[in-house]
Amino acid sequence: MTEKTTRTKRIWDLISKIRSFLSNLVFLLILGAITLVIVFSLFDDDLKDPEGKALVINPQGPIVEQIQGSGDPLSFILQGQPQKEVLVGNLLDILEAAEDDERIKFIVLKLDNIYGTGQTVLFDIGQVLKKLKEKGKIIISIGDAYDESAYYLASFSNEIILNPDGFIFLDGYSRYRTYFKSFLEKLKVSVNLFRVGKYKSAMEPYIRDDMSKEAKEASKAYMDVLWDSWKGVVADNRNMQPSDLQYFVDNAEKLIVQEKGDAASALLKANLIDKISNRTQTRKYLKETIGKSENEENFNQISGSEYFQFIKAENKQKEYKDKIAVIVAQGTILDGKHPPGTIGGDSTAKLIRNSHENEDVKGIVLRVDSGGGSAFASEVIRQEILSAKLKGIPVIASMSNVAASGGYWISASADEIWASHNTITGSIGIFGFFPTFEKSLAEIGIYTDGVSTTKLGGGMDPTRAINPVIADILQSTIEFGYQRFISLVAKERNMEIEDVEKIAQGRVWTGTTALKLGLVDNLGNLQQAIKRAAELAELDNYKTFFPAEELDWKQQILKNLFSIVTPLIPPSLKSGYVLKESLNLVSEIEKFNDPRGVYAMCLDCYPL
């Protein structure tokens, strides 16, 4: 590899080395806590019999498709990123087991901590809760604070109890981003952006200080669909009209003022809750309703984790030779090898390759929850899907919360694409991003100069202004890549290129609309996608398994220690706005590691 080729990677190598050094330093500082982890692991509780006990579901973090496993404590400590997450597959196993378990008559939901759970995941869980109610199970939600994710699930309950000092915060869906244009100008960073697509607004924060009209239009369109869906489900569960929920949200201030600031009372009058009760009163109520625990201090209960261990021991999965591999692709698509929580082009392709090279694997389901990323890495993954199909192995793409841009790219060549009605997909478009730092370096007296035998020499050196000839080449490359993307979609979806062009341009769609447009084949959840893969493979009996890239020993230890380290982090370290925004900027830039600087990424696909 020539010096010219490697020069463009130097800045990324430097960033990686710095983060690696700091991560190792943090690792050494917290090694002393390993003893505690080892000691705690030596004590295993006996399995609890669920007879007569209420099943308590108390997630301590967002419910996700895949647990993050970056093993990078630096971002966590400096930015306060949550590390406790709940795997939706495990939660669904627990609830589905309780559905036919006559020993479980009550389900108690405590949902204060699931902020950030995607609506597609919520929908799947809600459908199981609905079946539990139909089977005669009594579901009671108790809590101090509900956000929209929590209240969505709570609405499936027979009864919602709220602390008198608690609240339910409903504000619909919104999309606000931090814009860095003026900040980057102050840093003298030159942003070189190449894009195609009217609605491809992923990089607007680097070239604007506000959201463009086109970005607002596209975001508002799909968020309206999500919000209408949310209101429809909740209103149906609470015997209300969607307009009642809209009225409460739009008039919350007036309704709470009428109750002299008593938010719980306003919520009760609006039929959003069934009872106001503090923790002591709630505990007494549950003891009377469900029964007392052995020590009579609480109600008789079994936690979700305890029940999960019990059903695993009681009902060991039958061993079948034939298998369906479910490969979870969650997070930003990056070039190279990366741990769970992001999608590495090499690592995810390896999981697919290992699956189709396994003689027992008869079908593959790619579970996608991603707004995309590196176009190169996306194509590496797609090529491995094609290799599986050449062997006659059916491949189903199952879209979760988001499968847009690169997330759609890796799904496009599957035999069938399944999405939830709330899936955010589309965003068919690409862009190029290449920052240069010649002005920043000049401010501190550092300059780059030299000679070249061609017009292209040193053209992509980040310490120099981008060569106009290189800029023209990159723009042409982006336009070619865009045509390749829409041609790929046209071929795989049996559409005319002109028809794809009409729904491309980086525009985002919900699953229901995507079905009408021909971008997906069916609406359904992961289990339905797995069943469909088995049908295509002509399997009656099979085992489902989830291949995953394993963490190394250091990453695993760090992952286990996060919960111990959290209380030791000074709040001041995480609260500084300038520090936080600077780190956010670094984290955003780190996502751009495509070797050609070409990206299929939708950063507007995660409404809050």
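Residues numbered from 1 in each chain as written. Predicted model: local features only at pLDDT ≥ 70, side-chain atom pairs only at ≥ 80, totals over all residues. Heavy atoms only, no water.

K.L.:
Can you break down the side chain of Asn467 residue by residue, with the values?
P.N.:
Looking at the secondary structure, you find Asn467 in the loop between helix H19 (438-443) and helix H20 (468-492). Looking at Asn467, its side chain comes within polar contact range of the main-chain oxygen of Lys455, at 2.5 Å. In contact with Asn467, other than residues within four places in its own chain, are Lys455, Leu456 and Gly459. (Helix = DSSP H or I, 4+ residues; strand = E, 2+ residues; numbered from the N terminus. Polar contact = N/O pair within 3.5 Å; in protein donor to acceptor, adjacent residues only side chain to side chain. Contact = heavy atoms within 4.5 Å.)

K.L.:
If you had to explain the packing of aromatic side chains to someone new, which residues and values would you point to?
P.N.:
Scanning the entire structure with this criterion turns up seven aromatic pairs. Within the aromatic cluster, the residues linked to one another by ring pairs are Tyr146, Tyr151, Tyr173, Trp227 and Trp230. Directly above the aromatic system of Tyr285 lies the positively charged group of Lys275, at a separation of 3.3 Å from the ring centroid. A cation over an aromatic ring shows up here: Arg507 above the ring of Trp509, its NZ or CZ 5.0 Å from the ring centre. (Phe/Tyr/Trp six-rings, centres within 6.5 Å; stacked < 30°, edge-to-face > 60°. Lys NZ or Arg CZ within 6 Å of the ring centre and 35° of its normal.)

K.L.:
Provide a residue-level description of unusual backbone geometry, including the pertinent values.
P.N.:
Phi at Lys188 takes a positive value of approximately 65°, unusual for a residue other than glycine. Within the secondary structure, Lys188 is located in the loop between helix H8 (181-186) and strand S7 (190-195). We note that Asn494 has phi near 55°; this positive angle belongs to a residue other than glycine. Mapped onto the fold, Asn494 is located in the loop between H20 and helix H21 (497-503). Of the residues examined, Asn494 reaches a relative accessible area of 74% and is grouped as exposed. (Buried < 20%, exposed > 50% of the residue type's maximum accessible area, 1.4 Å probe, protein only.)

K.L.:
Any chance you could break down the pattern of salt bridges for me, citing the residues and the numbers?
P.N.:
Any two side chains of opposite charge can pair, on the condition that their charged atoms come close. Counted under the stated rule, the structure contains 21 salt bridges. A salt bridge links Asp124 to Arg367; the nearest nitrogen and oxygen atoms lie 3.8 Å apart. Taken together, the residues Asp124 in helix H6 (residues 119-134) and Arg367 in strand S13 (residues 361-370) connect sequence positions 243 residues apart. Residue Asp124 shares its accessibility class with Arg367, and that shared class is buried. The salt bridge partner of Glu492 is Arg382, with a shortest N-O separation of 3.9 Å. Taken together, the positions of Glu492 in helix H20 and Arg382 in helix H17 (residues 375-390) put the pair 110 residues apart, joining distant regions of the chain. One continuous salt-bridge network, built from bridges that share partners, spans Glu379, Arg382, Arg484 and Glu492. (Salt bridge = Lys/Arg side-chain N within 4 Å of Asp/Glu carboxyl O.)

K.L.:
Could you give an account of the sheet that holds strand S1 (residues 54-57), naming the residues involved and the relevant values?
P.N.:
Strands sit in the order S8-S6-S5-S4-S1-S9 across an open sheet of six strands; the sheet is parallel. Because the sheet does not close on itself, it has two edges, and the strands there are strand S8 (275-276) and strand S9 (301-303). Where strand S5 (residues 138-146) meets strand S6 (residues 159-168), six bridges bridge the pair, whose relative direction is parallel. Opposite Gly143, over in S6, you have Leu162 as the bridge partner. (Pairing = 2+ DSSP bridges.)

K.L.:
Please set out the pairing of strand S22 (residues 598-601) residue by residue, giving values where relevant.
P.N.:
Every second residue of S22 is oriented toward a common face, with Val598 and Ala600 on one face and Tyr599 and Met601 on the other, all of them buried. Relative to S22, strand S14 (residues 372-374) runs antiparallel, the two being bridged by three bridges. What sits directly across from Gly372, in S22, is Met601. Judged from the two bridges that link them, strand S18 (residues 431-436) and S22 form a sheet pairing that is antiparallel. When the bridges of S22 are listed, Gly432 appears paired with Val598.

K.L.:
Provide a residue-level description of a nonpolar patch on the surface, including the pertinent values.
P.N.:
Where nonpolar side chains cluster on the molecular surface, the patch consists of Leu456, Val469 and Ile473 and spans about 220 Å² of accessible area. Here Val469 lies in helix H20. (Patch = residues over 30% accessible without salt bridge, like charges linked within 9 Å, V, L, I, M, F, W, Y side chains within 5 Å. Areas by Shrake-Rupley, 256 points an atom, 1.4 Å probe, with all protein chains shown as cover.)

K.L.:
Please give an account of the nonpolar core that cites residues and values.
P.N.:
Ranked by internal contacts, the top residues of the largest apolar core, which has 61 residues, are Leu55, Ile107, Ile125, Leu129, Tyr151, Leu153 and Trp230. Looking at which element gives the most residues to this core, the answer is helix H10 (residues 213-237), with eight residues. Ranked by size, the runner-up nonpolar core spans 54 residues in total, among them Val196, Met399, Ile478 and Leu519. (Core = buried A, V, L, I, M, F, W, Y, C linked by side-chain atoms within 4.5 Å.)

K.L.:
Quick rundown of helix H14 (residues 279-290)? Include the residues and the values.
P.N.:
Compared with an ideal rise of 1.5 Å per residue, which puts 12 residues at 16 Å, H14 spans 16 Å between its outermost C-alpha atoms and is within 8% of the ideal. All of the buried residues in H14 are Thr282, Leu286 and Ile290. With its buried residues spanning 40° around the axis, H14 presents them on a single face. Looking at H14, the residues exposed on the side facing more than 90 degrees away from the buried face are Thr280, Lys284 and Glu288. In this structure, the buried side of H14 is in contact with S1, strand S4 (106-110), S5 and S6. Looking at where H14 begins, the residue whose side-chain oxygen comes 3.1 Å from the main-chain nitrogen of Thr280 is Asn278. Positive phi shows up at Gly291, right after H14, with a value of about 120°. (Expected span 1.5 Å × (residues − 1). Arc of directions from axis to C-beta.)

K.L.:
Could you give an account of the pairing of S4, naming the residues involved and the relevant values?
P.N.:
Look at any regular strand and the pattern is simple: side chains alternate between the two faces of the sheet. Among the five residues in S4, four count as buried, and that is most of the element. Pairing of S1 with S4, which is carried by three bridges, proceeds in the parallel orientation. Looking at the pairing, Leu55 lines up with Ile107 of S4. Handedness of the crossover joining S4 and S5 through H6: right-handed. (Right-handed = clockwise from strand over helix to strand, strands pointing away.)

K.L.:
How would you explain the packing of helix H5 (residues 88-99) against helix H15 (residues 304-314) if you had to name every residue and give the values?
P.N.:
Remark: H5 packs on H15, axes separated minimally by 10 Å, with the N-to-C direction vectors making an angle of 75°. What the angle tells us is that H5 and H15 run roughly perpendicular. Contacts from Asn90, Asp93, Ile94, Ala97 and Ala98 in H5 reach Gly304, Tyr307, Phe308 and Ile311 in H15. Each residue belonging to the contact of H5 with H15 can be placed in one class, and the counts come to six nonpolar, two polar and one charged. (Axes fitted to C-alpha atoms, helices over the stretch in contact; angles between N-to-C directions. Parallel < 35°, antiparallel > 145°, perpendicular 65-115°, else oblique. Nonpolar A, V, L, I, M, F, W, Y, C, P; charged D, E, K, R; others polar.)

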